[in-house]
Amino acid sequence: MSQINPYVGFNGRCREAMTFYKECLGGELEIQPVEGSPMEAHCPPALKHQILHSALTKNSEILLMATDMVGPGGYINGNSLALSMSCTSEDEINRLYLAFTAEGQILDPLKLQFWGALFATVTDKFGIRWMLNYDMNQKK
């Protein structure tokens, strides 16, 4: 595995929060709203200005990633944090997916996503949410 990063949910305040963290920590902020993304057609119109994904980077390293999107159970204070793991191979993401879901719960099954990665969101047997990502376009 190459990296594990915190991934925070802000329930409608992602842009505000990530702008604040950029002011505090410096770096470059990338923000992708639902509007204009491939997910727009799958979301209610009220969510179009919500943030699908954001990343704060500094010196080419990810400091923090965040979203306004919530899981199937909705937003509950305390479930707003996940660990996002960038996997280095298809074998690795498949192995981790099977290990974490053995006694855990699948929130978003492992599948190819519009950004060109295999991706899944799961909760392990200890209640920790994991976002597994393998960029299918990365150099091997």
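Residues numbered from 1 in each chain as written. Predicted model: local features only at pLDDT ≥ 70, side-chain atom pairs only at ≥ 80, totals over all residues. Heavy atoms only, no water.

S.K.: If you had to explain the overall build of the chain to someone new, which residues and values would you point to?
M.R.: Looking only at helices and strands, the chain features two helices and eight strands. Helices and strands in the chain line up, N terminus first, as β-α-β-β-β-β-α-β-β-β. For the chain, whose C-alpha radius of gyration is 15 Å, the value lies close to the compact-globule estimate of 14 Å for 140 residues. Seen along its three principal axes, the alpha-carbon backbone of the chain occupies a region of about 35 × 35 × 30 Å. For the chain, the residues scored as buried account for 34% of the 140 residues in total. (Helix = DSSP H or I, 4+ residues; strand = E, 2+ residues; numbered from the N terminus. Rg over C-alpha atoms; globule rule 2.2 N^0.38 Å. Buried < 20%, exposed > 50% of the residue type's maximum accessible area, 1.4 Å probe, protein only.)

S.K.: How would you summarise the nonpolar core if you had to cite specific residues and measurements?
M.R.: Side chains of a nonpolar character, in soluble globular proteins, are inclined to be buried together. Formed by Met85, Cys87, Ile93, Leu96, Tyr97, Phe100, Leu118, Ala120, Val122, Trp130, Leu132 and Tyr134, the largest nonpolar core amounts to twelve residues. The biggest single contributor to this core is helix α2 (residues 90-101), with four residues. Ignoring sequence-local partners within four residues, the contact set of Leu132 consists of Met85, Ile93, Leu96, Tyr97, Phe100, Leu118, Phe119 and Ala120. (Core = buried A, V, L, I, M, F, W, Y, C linked by side-chain atoms within 4.5 Å. Contact = heavy atoms within 4.5 Å.)

S.K.: Give a description of the layout of surface pockets that names residues and reports values.
M.R.: Looking at the largest pocket, its volume works out to about 1,200 Å³. For the largest pocket, the lining is made up of 41 residues, of which Tyr7, Leu52, Trp115, Phe119 and Met131 are closest to its centre. Elements represented by at least two residues in the lining of the largest pocket include exactly β1 (3-9), β2 (28-33), β3 (51-58), β4 (61-67), β5 (81-86), β6 (105-112), β7 (117-123) and β8 (129-135). (1 Å grid on protein atoms, 1.4 Å probe; cavity = no way out; pocket = protein on both sides within 12 Å on 5 of 7 lines; lining within 4 Å. Points joined across faces, edges and corners; volume = space filled by probe spheres on them.)

S.K.: Break down helix α1 (residues 14-25) for me, with residues and values.
M.R.: In this model, α1 (twelve residues) spans 16 Å end to end at C-alpha, consistent with the 16 Å of a helix rising 1.5 Å per residue. Taken residue by residue, α1 has Cys14, Ala17 and Met18 as its buried positions. The arc enclosing the buried residues of α1, seen along the axis, measures out at 90°, which places them on a common side. Against β2, β3 and β4 lie the buried residues of α1. Gly26 sits one or two residues past α1 and shows a positive phi near 80°. (Expected span 1.5 Å × (residues − 1). Arc of directions from axis to C-beta.)

S.K.: Tell me what's going on with the packing of aromatic side chains, and back it up with residues and numbers.
M.R.: Across all of its chains, the model carries five aromatic pairs by this definition. Seen in terms of ring centroids, Phe100 and Trp130 are 4.6 Å apart; in terms of plane orientation they differ by 15°. Their pairing is stacked. Here Phe100, found in helix α2, pairs with Trp130, found in strand β8; they are 30 residues apart in sequence, far enough to count as distant. A relative accessible area of 11% means that Trp130 is categorised as buried. Relative to Phe119, the ring of Trp115 lies with its centre 5.3 Å away and its plane at 75°, an arrangement referred to as edge-to-face. Linked through ring pairs, Phe10, Phe20 and Tyr21 together constitute an aromatic cluster. (Phe/Tyr/Trp six-rings, centres within 6.5 Å; stacked < 30°, edge-to-face > 60°.)

The analysis is restricted to geometry; functional conclusions fall outside its scope.
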